[in-house]
Amino acid sequence: MNAPDTGLFCHTAESLPLENSFAGLPEDFYTRLRPTPIRAPYLVGASTSAAELINLDPAEFAHEAFVEAFAGNSTLPGSTPLAAVYSGHQFGVWAGQLGDGRAILLGDVPAGAPSAENPSGRMELQLKGSGLTPYSRMGDGRAVLRSSIREFLCSEAMAALGIPTSRALCVVGTDMLVMRETPETGAVATRMAPTFVRFGSFEHWFYNNRKDELKILADYVIDHFYPALRDATNPYQALLKEVTRRTAELIAQWQAIGFMHGVMNTDNMSILGITIDYGPFGFMEAFDARHICNHSDHQGRYAYQMQPRIGQWNCFALGQALLPLIGEVDDAQAALEIYKPAYDDKLEQLVHAKLGLQSTLPEDGALIDAMFNMMQGSHVDFTLFFRRLGDLKMDDPASDEPLRDLFIDRPAFDAWAVQYRLRLKQENSEDAARRAAMHAVNPKFVLRNYLAQIAIEKAQNKDFSEVAKLLKILERPFDEQPEHEAYANLPPDWASELEVSCSS
Ligand code: AMP
Ligand code: MG
């Protein structure tokens with residue numbers, strides 16, 4: 001018997017009321033197929049808050065049926081598993097057909113009351129690393145434990161930082177080895193998002209000259225995820241504008257937290273404007289605006305300072321794909337114009353909050369530019385800089401010491417601090433209130449590569465305690481958590497040797 005779908009009831013994996021709205025699209029949009037089972041699956045990590053979002057009882061994590069289901073070894077009742085087709089531009093070049101090469105959509109489940117953020121009120125459950133699909137191309141359909149843990153932890157960390165993102169329910173491991181540069185432990189991760197439709201899903205139909213399918217997809221996305229746009233004069237133009245606005249704001253949030261995605265190809269850009277497809281991502285440590293987090297990105301196309309421009313480039317690619325529906329080039333152009341003001345406004349608001357400034361003055365631009373210049377000059381740790389800046393006291397230069405210690409060029413910092421204090425004085429800033437406000441937006445804990453690496457290496461030796469511990473810490477990134485002080489420290493020397501690439 002199916003469990004009643006009340007907000008209070010906690011589901012087991014098998015009682016999850018799975019449907020699949022994407023499967024209602026014509027068959028050309030996907031291929032129905034089951035995940036390929038993995039041998040002897042075991043749970044590596046699971047997120048209680050992700051489970052709570054879909055009313056799944058976290059006690060389920062301990063049950064074999066849960067692990068079997070999210071290993072892809074058993075089929076949940078109501079599940080209509082499928083792999084979706086899409087295309088995309090990779091590193092600026094048209095790559096043709098791609099698709100879910102190792103991801104399988106199980107279906108969607110209720111996830112709280114419909115809201116502005118999630119009008120469908122549902123979450124899709126998708127396995128990643130669950131075997132070959134017709135879109136696997138040269139790949140093996142699998143994912144390694146290393147990249148699955150990174151995606152799992154980062155999804156949940158980003159959500160806790162308040163950045164729009166897909167979520168991660170769990171990671172299941174297997175002793176079946178997966179071949180990369182070396183043989184590695186394999187894994188399957190379960191991701192959740194209202195939809196995994198991408199910019200590339202639209203490009204697919206546009207570049208194949210299939211206007212009917214393009215319209216079907218746009219109508220599906222509007223009806224399920226942007227219902228308010230249905231009544232616009234030109235709903236497709238309104239869709240482009242809203243996706244562009246959300247994308248611009250998302251990237252402003254990435255910049256403000258120091259997040260680098262690493263592979264901003266159009267097939268990795270969500271139609272919801274949320275962060276998806278975590279691969280060789282990174283959080284900025286020693287500040288360098290030119291930093292490239294993806295070792296495979298030789299040109300630096302997706303370097304930190306490039307992200308805002310690339311986000312815009314991607315929106316233009318989406319605009320191109322939607323053009324047959326929008327009609328006039330000028331109308332598409334008009335929708336895309338929202339990008340720059342949306343990005344600038346959001347970034348300004350976020351950076352002001354990071355600095356504890358309540359008002360916005362024309363001169364602030366110079367203060368902020370000078371700040372990033374001195375951060376660049378001394379390659380200060382991005383997260384520690386903003387966190388410690390919150391501890392600065394107006395009339396106590398000694399309060400600057402921990403912050404000042406981060407700088408090689410201390411006179412540069414001293415000169416800037418004078419200007420910053422003057423600016424704070426101007427708005428009668430009060431130390432305690434400013435500190436509390438700044439600490440609520442400048443995290444103490446982010447997923448530094450070396451922290452992930454330690455958790456991964458332990459997990460590869462079947463010790464999953466560090467994955468769980470790191471998740472708990474990253475779920476409260478703004479809290480002091482003095483017992484976990486070491487997790488907020490500068491990375492150790494060995495961390496500079498770490499490289500993350502597209503290999504996953
Ligand atoms: P990514 O850049 O990781 O988002 O992947 C780009 C495309 O390659 C997507 O269509 C993926 O599904 C596919 N892909 C990546 N890795 C694999 C793999 N190991 N097996 C099959 N397909 C893959
Ligand atoms: Mg991808």
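Since the structure is predicted, the reported quantities are computational estimates derived from the model, not experimental observations.

Criteria and thresholds
Think of each chain on its own: its residues are numbered from 1, step by step along the sequence as written. All chains are assigned letters beginning with A, and all ligands numbers beginning with 1, in the order in which they are written. A pLDDT threshold of at least 70 governs which residues receive local features in this predicted model, and a stricter bar of 80 or more applies before side-chain atom pairs are shown or counted, although totals over entire chains, interfaces and linings include all residues. As a convention, hydrogens and water are excluded, and side-chain values are obtained from all of the structure's heavy atoms. The rule for donors is simple: an N, O or S atom within 2.8 Å of the metal counts, and for Na, K and Ca the reach is 3.2 Å. Water is not among the atoms, so a site may look short of donors. For the exposure calls, accessible area comes from a 1.4 Å probe over protein chains only, and a residue counts as buried if that area is under 20% of its type's maximum, exposed if over 50%, partly exposed in between. To obtain each axis, a line is fitted to C-alpha atoms, and for helices this fit is confined to the stretch in contact; angles are then taken between N-to-C directions over 0 to 180 degrees. Working definition: helices are DSSP H or I runs of at least four residues, strands are E runs of at least two. Numbering for both runs from the N terminus. Each angle receives one of four descriptions, namely roughly parallel if under 35 degrees, roughly antiparallel if over 145, roughly perpendicular if within 65 to 115, and oblique otherwise. Crossings are sorted by hand: turned counterclockwise from the far helix by less than a right angle, the near helix makes the crossing left-handed, and turned clockwise it makes it right-handed. Throughout, a contact is declared for two residues whenever any of their heavy atoms are within 4.5 Å. Three categories are distinguished: nonpolar for Ala, Val, Leu, Ile, Met, Phe, Trp, Tyr, Cys and Pro, charged for Asp, Glu, Lys and Arg, and polar for the others, with Gly belonging to the last. Cavities and pockets were defined on a 1 Å grid built from protein atoms only: a cavity is a group of points that admits a 1.4 Å probe but offers it no way out, a pocket is an open group of points flanked by protein on both sides within 12 Å along at least five of seven lines, and a lining residue is one with an atom within 4 Å of any such point. Grid points are joined across faces, edges and corners, and a volume is the space filled by probe spheres set on the points. For every domain, the bounds stem from an assignment made automatically or drawn from a database. Put simply, buried area is how much 1.4 Å-probe accessible surface two parts lose in total, over both of them, once they are put together. For salt bridges, the criterion is a side-chain nitrogen of Lys or Arg within 4 Å of an Asp or Glu carboxyl oxygen. What qualifies as a polar contact is a pair of N or O atoms within 3.5 Å, subject to a donor-acceptor requirement within protein and to the restriction that residues adjacent in sequence count only when both atoms come from side chains. Being near a molecule or strand, for a residue, comes down to having at least one heavy atom within 4 Å of it. Per-residue accessibility takes into account occlusion by the displayed protein chains alone, with areas from the Shrake-Rupley method and a 1.4 Å probe. Each molecule is assigned to a cavity or pocket provided more than half of its atoms lie within 2 Å of the corresponding grid points.

Asks: Help me understand the coordination of the magnesium ion (ligand 2) in this model?
Replies: Donor atoms from the polypeptide that bind the magnesium ion (ligand 2) are N268 (OD1) and D277 (OD), placed at 2.0 to 2.1 Å. When its relative accessible area of 11% is taken as the criterion, N268 is described as buried. Residue class for D277 comes out buried when judged on its relative accessible area of 12%.

Asks: Could you clarify how one ought to interpret the packing of helix 3 (residues 145-160) against helix 16 (residues 465-474) in this entry?
Replies: The description of two helices packed together rests on the angle between their axes and the distance between the axes. Remark: helix 3 packs on helix 16, axes separated minimally by 9 Å, with the N-to-C direction vectors making an angle of 20°. By the angle class used here, helix 3 and helix 16 are roughly parallel. In this structure, the crossing between helix 3 and helix 16 has a hand that is right-handed. Two secondary-structure elements touch here, helix 3 through I149, F152, L153, E156, A157 and A160 and helix 16 through V467, L470, L471 and L474. Split by residue class, the contact of helix 3 with helix 16 holds 9 nonpolar, no polar and 1 charged.

Asks: Please clarify how empty space enclosed by the protein should be interpreted in this entry.
Replies: Picture a little ball the size of a water molecule; that probe, rolled over the atoms, points out where space is still empty. Using the criterion set out here, one finds 5 cavities of 30 Å³ or more in the structure. Roughly 140 Å³ of volume is contained in the largest cavity. Across the lining of the largest cavity, the residue classes break down as 10 nonpolar, 3 polar and 3 charged. Looking at which domains feed residues into the lining of the largest cavity, each of domain 1 (13-196) and domain 2 (201-349) gives three or more.

Asks: Help me understand the domain arrangement of the protein, please; the structure alone is not making it clear to me.
Replies: When the parts of a complex come together, some accessible area is lost, and that lost area is often taken as the interface size. Once the domains are mapped, the protein shows domain 1 (13-196), domain 2 (201-349) and domain 3 (357-428). A C-alpha centroid distance of 22 Å is found between domain 1 and domain 2. If you look at the interface, domain 1 gives 37 residues, while domain 2 gives 41 residues. Both sides together, the interface formed by domain 1 and domain 2 hides about 3,400 Å², and carbon and sulfur atoms give 65% of it. Its largest share of buried area at the contact with domain 2, domain 1 owes to F29, H89 and F91, together 19% of the area lost on that side. The interface formed by domain 1 and domain 2 includes 2 salt bridges. The salt bridge involving R191 is made with D277; its shortest N-O contact spans 2.9 Å. Linking domain 1 to domain 2 there are 14 residue pairs in polar contact (both at pLDDT 80 or more). Elements represented by at least two residues in the side of domain 1 that touches domain 2 include exactly strand 4 (87-90), strand 5 (93-97), strand 7 (122-128), helix 3 and strand 10 (183-193). The leading source of residues in the side of domain 1 that touches domain 2 is helix 3, at 5 residues. Of the residues that constitute the side of domain 1 that touches domain 2, the class distribution is 18 nonpolar, 13 polar and 6 charged.

Asks: Any chance you could explain the site of ligand 1 here in plain terms?
Replies: Among the 17 residues in the neighbourhood of ligand 1, the closest are listed as G99, G101, D140, G141 and N268. For ligand 1, an oxygen atom lies 3.5 Å from a polar atom in the side chain of Y86. R102 places a polar side-chain atom, nitrogen or oxygen, 3.2 Å from a nitrogen atom of ligand 1. When ligand 1 sits alone it has 480 Å² of accessible area, and the protein chains cover 81% of it. Judged by the proximity of its atoms to the pocket grid, ligand 1 belongs to the largest pocket. Taken together, the residues of the shell around ligand 1 sort by class into 2 nonpolar, 7 polar and 8 charged. Residues from two domains meet in the shell around ligand 1; each of domain 1 (13-196) and domain 2 (201-349) gives at least three.

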